[in-house]
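# Tertiary structure, described
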Amino acid sequence: MADLTVLVYQILALMLAVAVAIVVVMVSGYLLVLWYRHRDREEKSLDMIALQVAVPRDNEIKIDAMEQVFAGLYSIQKRVTGTFWVVFFFTNPTPYFF
């Protein structure tokens, strides 16, 4: 009976070790993908353009007009298209509005 208990504990320990190894591989794979996607982020950001839209303080135009301007600017962004792997490994350039 003691041999059976030891065998069960060894099987459980092996299953736990395999589960931990799988989690470690998955987390390290995810971190590798994140690193690959953002590896040249600084060089790409230096090539970007900053556009400032200044509106006078005494502006009487409704905010809906500016909302349409931002929607138009957002619609011209480039999208990464292709297979699942291409979309997964490459990032989209994102417009930021300040």
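What counts, and where the lines are drawn
Residues numbered from 1 in each chain as written. Predicted model: local features only at pLDDT ≥ 70, side-chain atom pairs only at ≥ 80, totals over all residues. Heavy atoms only, no water. Helix = DSSP H or I, 4+ residues; strand = E, 2+ residues; numbered from the N terminus. Buried < 20%, exposed > 50% of the residue type's maximum accessible area, 1.4 Å probe, protein only. Contact = heavy atoms within 4.5 Å. Areas by Shrake-Rupley, 256 points an atom, 1.4 Å probe, with all protein chains shown as cover. Phe/Tyr/Trp six-rings, centres within 6.5 Å; stacked < 30°, edge-to-face > 60°. Lys NZ or Arg CZ within 6 Å of the ring centre and 35° of its normal. pLDDT = per-residue confidence, 0-100.

### Concerning the overall build of the chain
- Counting secondary structure elements, the chain contains four helices and zero strands.
- Taken from the N to the C terminus, the helices and strands of the chain come in the order α-α-α-α.
- Here the chain, with 98 residues, has 2% of them falling under the buried criterion.
- Pairs at least 24 apart in sequence give 47% of the contacts found in the chain among residues at least 6 apart.
- Total accessible area computed for the chain in this model is approximately 9400 Å², and 68% of it derives from carbon and sulfur atoms.

### Observations regarding the packing of aromatic side chains
- Taken as a whole and judged by the stated rule, the model has zero aromatic pairs.
- One residue, Arg39, lies across the ring of Tyr36, its end atom 4.0 Å from the ring centre.

### A closer look at the confidence of the model for the chain
- When pLDDT is averaged across the chain, the result is 80; 84% of the residues are at 70 or more.
- Predicted confidence in the chain is weakest over helix H4 (residues 84-89), with a mean pLDDT of 70, and strongest over helix H1 (residues 2-37), with 93.

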